[in-house]
Structure formats: structure tokens, C-alpha cells
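Chains, contacts and geometry: an overview
Here is what each chain is made of, one letter per residue.
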Amino acid sequence: MRIGIAVRRVLPGGAAALLLALPLGGCGEAVPAARAAAAPADRGSDLYRVHCQACHGESGEGNGYLAPHLLPRPRNFVAARYRITSTLQNQPTDEDLLRTLRRGFPGTAMPSFAHLPAEDLAALVGKVKSFAERPIDPSADPGDPERTGPVPIPPEPPDGEESRRRGGELYAQGCAPCHGATGRGDGQQAQHDDLGLPTWPRNFASGEWKGGSGGSEIYRRIVAGLAGSPMPASPFTGDDAWHIVHWVRAQSDLDPEGRNEQRRTVIAAARAAGEAPLDPADPAWAKAEERRVALMPLWMRRTPRVQGVRVAALVDGARLSLRIRWEDPSPDRSTFGQTEFRDAVAVQVSADPEPPLFAMGGAEGPGKGGAVSLWMWKADRQADAGGKADLEDRFPDMAADGWPAKQDAKEGTLVHGLPLGAHDPLYLSGRAAGNPVSDLSGATAAESLYARGAGTVGFREGGAVVESRGEWKDGTWTVVLRRTLADAGEGAVALPAGGRASIAFALWNGSDGDRNGVKSATIWHELVLGEGGR
């Protein structure tokens, strides 16, 4: 982790991806004159600028500020090669585009926009279509009558043992080389999309379906394929295609599919009988309603991922406690090895009731971003709370050449076997420069940060301090973060007792190689603080 050590303790712009969500604002090329004239300055343009531009770019070419940090890459609306369509020629209808906005693409960084009003979604569809260099017309004749018009979906035959047996035979012929014999996405892996970027076959057991898990939705994907991807149109149609649908659904865990879609939820903070707890096992948590929020990976990988976290909240007259739980079979508490990465979780809080979808805050007021408060817990710092870890702990047989020390210090924290103050500051430069991450004197595993836009993430100086405690037990991390409702100082975000705030989460799973911007994140949810009194 790269931490700036400037006097103002502000991280460099490239480190913004370390934290919860990502900066708002596109930095694509200027809009070409011809397309600029065709794009009206209407509601659709305003919505696109707030919700889409950061990923898809100012001119819709998939080259927004965030695009290099996302895999799969954002769609290029100018080229207009759409994956999820209902037509044989892979031209989307307005309903296809609306459906994608409502559902998002589970398993990718494309979230759901179902929280927007219907008229806003329609305006966004119009804006997206305006970028296309060739008009999108699903009724146009491409010159091949066999590949024109809506995908015909014949009546579905009965789904039974015989249908699935036949579907398995056909699947083995046409699908298994890529998706694997049992549909786990473990077949041919050396695949690339039309941009030359790596991609992988879908793992049907993951519950993440880009186009939906319904029978007719899977039927369309089989018959029409996914344009721009290695998934071709299939020669199987009619009953044969339906047999494959039945076999695929039989191998799949269909229940999590809906839970992997990003949907806004309300996290209600129950009023604690006494003090808002810091202990993950405190009996007071029995009063709090736990809500699951789905995570979306910003960088897709082959390995299974953590798909959601469970959040509960308690509030007293002065403080808010958040308990965050997630399943993780392998706790990652060390960052000393070259390929070792920590487990971590972060919370982002905004006083803005409608913050931009991906945001690190902004310099402007409500509706424009504003400051955001960031609380980040790290498993390696939690391990440090019981005694500072060092290279000798990770590599006990290493050969080391020490540095000069001052022997008059009496601080208790040991570094390389000596009290902290016994070391010449020249050899602990981060601590000498005031870098908070290099401060070994405290026992907190959480960092209190703020942001007012892209590249402005900084450590809090004054204001509310975030307390934390985390424990891993029986394959589950449980982390509690606690902070006062009141706040002051640089980047302050006060939490109104009895009021509401916007809240989002991010997770890093070290054993999956998560670090910096390679993580999973959520959309914004609503935090309701209740009465806030005792």
C-alpha cells in the first residue's frame, strides 16, 4: 500500500483506488462536434454525467476515468456492440437497454439503476443510444432473413429427467469445451473479447447471470450468443436449445442470482439499551436487524469471490456502531510476503441523500457529491493490536543487519527487539514524517479518512475517531466499527441523530489477490439512525 507522507497527509491521486468506491468524473476525450450536436442538453445528459460518465466516458467510448481499473471494460456506446439483446442480429431494443439498467450485470462492476424513476431510465436509454455512430434499429434488415428480428422462443417442452439427459448430451458437444463438463467455467480459459482483453466462460454455479437466469433468458443467450464475446450463436434451436437450458439450470445454484443484483436497501440502526457496543459478540447485537448487501467485483477474476456482507447497526445518544460480517475460509492478516495481501473492509458515509453512484465525494454541496467520511479496517493492523508484527515474525530465520540505535528510550512498543524510541528517526522515516500508517504507538485497526473528490483522499486531522474490533472465527470475519455521531474538522460528515445518511461498503479478500482498486464494492444504501437517544 502506497501512502503519501506530505505535510497535509493527503494520498496521491493514484491511491484513491485504495478505498471504498471510486472517483466520479470522466476524463475521456472531448466530444466530437458531430456527436455533440446530436446529444441534446436534456435530463438524459445530466443523468449520464452523474451516473455513467465516470466509467463510460464523456463521449461514450468506454474510456472514462475508471475504465482502466475495471474488468470487464465499460461498454463503448459509440461502437454499440451490445451483449444482452433479444434480437437475432444483436441489436438492442429499448426494453433490452432498460432491462440492463434495471438489473445491471451481476458479477461485474455494472450495477443496477432500479432505484431511478422510470422516466429517468428512459432518458438514460435515449442518451446512450445517441452515442452510436450508426443508428440502433432492431427492425433493420441486415440482409440475412435467418438472422433478423426478435429471437423466436418456441413453447418450452417439459423439464424432466429425459430432457436434462438430452440437454447434457448436446451441452457436451457444443458448450463443455468452454464452460467445463459440469458448467463451472473451467473449460478453455485462453479467451479474449473483441477488445483483446481476457475474459472467462460463465460459472453457472456462481448465481451470477448477466442476462438473467430465467428459462427464456438463457434460451436467447444460447440461440443469439453474446456479440463481442467468445460466446457464439448456437446451431441448437427449438427443443434442443430448451433441453440445454434445462440441463444448465439443473447444474446451477439459482437462488443466489437475485441476491447478487445490486438493490438499494435500508439499514436501520436500532437504539442500544446502553452504550453502542464495540465487541462483535456483545449480546446487544441481538436487537439489531441484520441486512445483506450485495457486492460487485470491480475487477473480475476466475476465483470464487465474496458476494455479499451482512450489516447490522446500533446507535446510542452519541455514537454509531456498525457490525459487518462475511464468510472467508482463510483469514489474511499479513502483508510481509511479496504475494501476501490483507483482508480489509471499508465504509463510506455521505450526508448527501443522493450522492453520485461511484463517488469519493466532491467539492460542491448536496446533490453534487460533497465530502465523504471513510472508515477502513485492516486485518494486519488488527493483528498488530496484540503486539506489532515485523519481518522477523514472518521470516524467523532471516539474516538481518541492524541499524544504529539510541539506548535511552523507554517506550514499551518493540521494533526489531528494541523500544520504539530507541531507533534513530532516520531509519523509521515514515514515522518521522508523520505518516499515520507508520504510527506504531496505537492499537487501532481502523483508519479515519475523508475525501472531497478524485485524488483528495486524506487522513482525518481532528474530528471523529473510528474505533474498531475484528475477529475471525469458524470461517467468518466479524468487524465492528464505531464512531461518534458528531464530527468536526477537515472533511467532517456529521451523522444526524434521528436522521438518515447514505452508506456504502467495500471488501478486500487477500487470498484472492485483492488490493488497492482490485476489490468488491456496493452501491449506496440508506442508513436510518432512529431516535439516537438512550
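In what follows, the accompanying structure is described.

Rules used throughout
Residues numbered from 1 in each chain as written. Predicted model: local features only at pLDDT ≥ 70, side-chain atom pairs only at ≥ 80, totals over all residues. Heavy atoms only, no water. Helix = DSSP H or I, 4+ residues; strand = E, 2+ residues; numbered from the N terminus. Salt bridge = Lys/Arg side-chain N within 4 Å of Asp/Glu carboxyl O. Buried < 20%, exposed > 50% of the residue type's maximum accessible area, 1.4 Å probe, protein only. Contact = heavy atoms within 4.5 Å. Polar contact = N/O pair within 3.5 Å; in protein donor to acceptor, adjacent residues only side chain to side chain.

Turning to the environment of Trp-508, a few remarks are in order. Tracing the chain through its elements places Trp-508 in strand S17 (residues 500–508). For the pair Trp-508 and Ala-346, spaced 162 residues apart in sequence, the C-alpha to C-alpha distance is 8.8 Å.

Two side chains of opposite charge can pair, provided their charged atoms sit close to one another. Following the criterion strictly, the structure yields 24 salt bridges and no others. Among the salt bridges present, the one from Glu-208 reaches Arg-305, with a minimum N-O distance of 2.6 Å. With Glu-208 in the loop between strand S2 (198–199) and helix H8 (215–224) and Arg-305 in the loop between strand S6 (296–297) and strand S7 (308–315), this residue pair connects regions lying 97 residues apart in the sequence. Each member of the pair Glu-208 and Arg-305 is classed as buried. One salt-bridge network, in which partners are shared between bridges, spans Glu-162, Arg-165, Arg-166 and Glu-169.

With that settled, consider H8. With 8 of 10 residues buried, H8 lies mostly within the body of the structure. Along H8, the residues that are buried comprise Gly-215, Glu-217, Ile-218, Tyr-219, Arg-221, Ile-222, Val-223 and Ala-224. Against helix H9 (238–251) lie the buried residues of H8.

What follows concerns the environment of Phe-204. Note that Phe-204 resides in the loop between S2 and H8. Sequence-wise, Phe-204 and Val-248 are 44 residues apart; in three dimensions their C-alpha atoms are separated by 7.3 Å.

Turning to the side chain of His-246, a few remarks are in order. Considering the arrangement of structural elements, one finds His-246 in helix H9. When its relative accessible area of 1% is taken as the criterion, His-246 is described as buried. Of the polar contacts made by the side chain of His-246, one reaches the side chain of Glu-156; its length is 2.7 Å.

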